[in-house]
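Reading the structure
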Amino acid sequence: MLHITHLALFLSFMILGAYSTTDIIRLLKDNTHDAYIVGGCVRDTLLGRIPGDWDITTSAHPEKIKQLFRRTIDTGIEHGTVTVRMHGESYEVTTYRVDGEYSDHRRPDSVVFTDNLVEDLKRRDFTINAMAIALNGEQKYELIDPFDGIGDIKRKIMRTPCDPDKTFSDDPLRMMRAVRFATQLNFDIYPETFEAIQRNAYRLEIISSERIVEELNLDDATAARFTTVYSQYVQEMHAAYKQHAMIRPQKGEDGKKVRLTDEQVKHNLEEQLALSQTIIDLRKKYYKEYLKFLTPRQIEKLGKMEKKQAGNVQKTWGKRQASPQVRPGHRPMGKSVMPPRQEKK
């Protein structure tokens, strides 16, 4: 758990536009139930973005949620989700749960409600979506992050909180979501996660066009073409990783890993450099393909976002150049740290 004091002012600003969220959580807590904002709104807040919606997770069961709030909709009550209407807005409130099997590869066949928040976060698709924040009470502004989602945000990587093969087997659409997030946020996909995408890429065929349309905001024909292009991208990335395979340390007779030789380390460095360049080339290639699926308005919006990000980087770099931080014991170029030599008397 982490108390994010450095985000307190920012969160306070965000809450000004989300009075209903705090009202919902306050009412649940007043009735002895735990409640937190969770998922995408936490991720967007930590990224400095304005959340599009606010999801709430709670220890209260659906029946209790319906008793506490006057206007509710049974959005997915069999899975623990109730939509609460407040001040003209809708908020999804979901009970902590553990998911069963996904026979339709979309929704769990059954769920078991739990009082454990961590168990609920464990079922999420990616670590950056498996975080929760308390908005009031003694835990105010406390980040619950059992899978180091904030660390992955800092490292800019996409990773699943649990076994990635199970994550993508339960719902293959999550593989597309991983690539979408990586593209939008300029993140890398964690090697183990990407290897699982390669192993499960064939399951993309079972995703309905309707879900692809909903996930990527595309029409049916475009969704079918996108699936084809995405499969090609995964295959080419798989070939690149196979071509530039690294030498992994092997275990000796005593069970400990044997250190690589200098030649093996050199080989790995060369292959890593070659692989990095191949990945950059593939991303450039498929980024152009990705743009073909966007409307002119979406392309314009994307261009503005990229321009803003580039401006922020340039602004930050300019500040560093103007006021360089000198580390202890570090000698700035052209300056001597040696004291002037004194003449002997």
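Residues numbered from 1 in each chain as written. Predicted model: local features only at pLDDT ≥ 70, side-chain atom pairs only at ≥ 80, totals over all residues. Heavy atoms only, no water.

**Section: unusual backbone geometry**
Here lysine 156, not a glycine, exhibits a phi torsion of approximately 60°, which is positive. Structurally, lysine 156 is set in the loop between α6 (149–155) and β11 (157–158). Here lysine 156 falls in the partly exposed class, since its relative accessible area comes to 40%. The residue asparagine 186 is not glycine, and still its phi comes out positive at about 60°. Position of asparagine 186 among the secondary structure elements: in the loop between α8 (173–185) and β12 (188–189). Since its relative accessible area comes to 53%, asparagine 186 is described here as exposed. (Helix = DSSP H or I, 4+ residues; strand = E, 2+ residues; numbered from the N terminus. Buried < 20%, exposed > 50% of the residue type's maximum accessible area, 1.4 Å probe, protein only.)

**Topic: the packing of aromatic side chains**
Inspection of every chain in the model, using the stated rule, returns 1 aromatic pair. Considering the side-chain rings of phenylalanine 126 and phenylalanine 181, the 6.3 Å spacing of their centres and the 90° angle between planes classify their relative orientation as edge-to-face. One end of the pair, phenylalanine 126, is in the loop between α5 (117–122) and β9 (132–133); the other, phenylalanine 181, is in helix α8, and 55 residues separate them in sequence. Residue classification places phenylalanine 181 among the buried positions, given a relative accessible area of 7%. Over the face of the ring belonging to tyrosine 36 we find lysine 29, whose NZ or CZ atom lies 5.5 Å from the ring centre. Taking the ring centre of tyrosine 190 as reference, the NZ or CZ of arginine 159 above it sits at 6.0 Å. (Phe/Tyr/Trp six-rings, centres within 6.5 Å; stacked < 30°, edge-to-face > 60°. Lys NZ or Arg CZ within 6 Å of the ring centre and 35° of its normal.)

**Overview of α8**
Structural remark: α-helix, 3.6 residues per turn; residues separated by three or four positions point the same way. Taking 1.5 Å per residue as the helical rise, α8 with its 13 residues ought to reach 18 Å, and the 18 Å between its terminal C-alpha atoms agrees with that figure. Burial analysis of α8 places 11 of its 13 residues in the buried class, which makes it a mostly covered element. For α8, every residue scored as buried is listed here: Leu173, Arg174, Met175, Met176, Arg177, Ala178, Val179, Arg180, Phe181, Ala182 and Leu185. Following α8 by one or two positions, asparagine 186 adopts a phi angle in the positive range, close to 60°. (Expected span 1.5 Å × (residues − 1).)

**Quick notes on the confidence of the model for the protein**
Averaged over the protein, the pLDDT score is 77; the fraction of residues at 70 or greater is 72%. Predicted confidence for residues 324–340 stays below pLDDT 50, and this span has 3 contacts to residues more than four positions away or in other chains. (pLDDT = per-residue confidence, 0-100. Contact = heavy atoms within 4.5 Å.)

**As for the nonpolar core**
In this structure, Ile24, Leu28, Ile37, Val42, Phe69 and Met158 are the most contacted members of the largest nonpolar core, which totals 55 residues. A per-element tally of this core places α8 first, with 8 residues. Ignoring anything within four residues of it in the chain, the contact list for isoleucine 37 reads Thr21, Ile25, Val42, Trp54, Asp55, Ile56, Met131, Ala132, Ile133 and Leu135. Residues Val38, Ala130, Ala132 and Phe147 belong to the second largest nonpolar core, which totals 10 residues. (Core = buried A, V, L, I, M, F, W, Y, C linked by side-chain atoms within 4.5 Å.)

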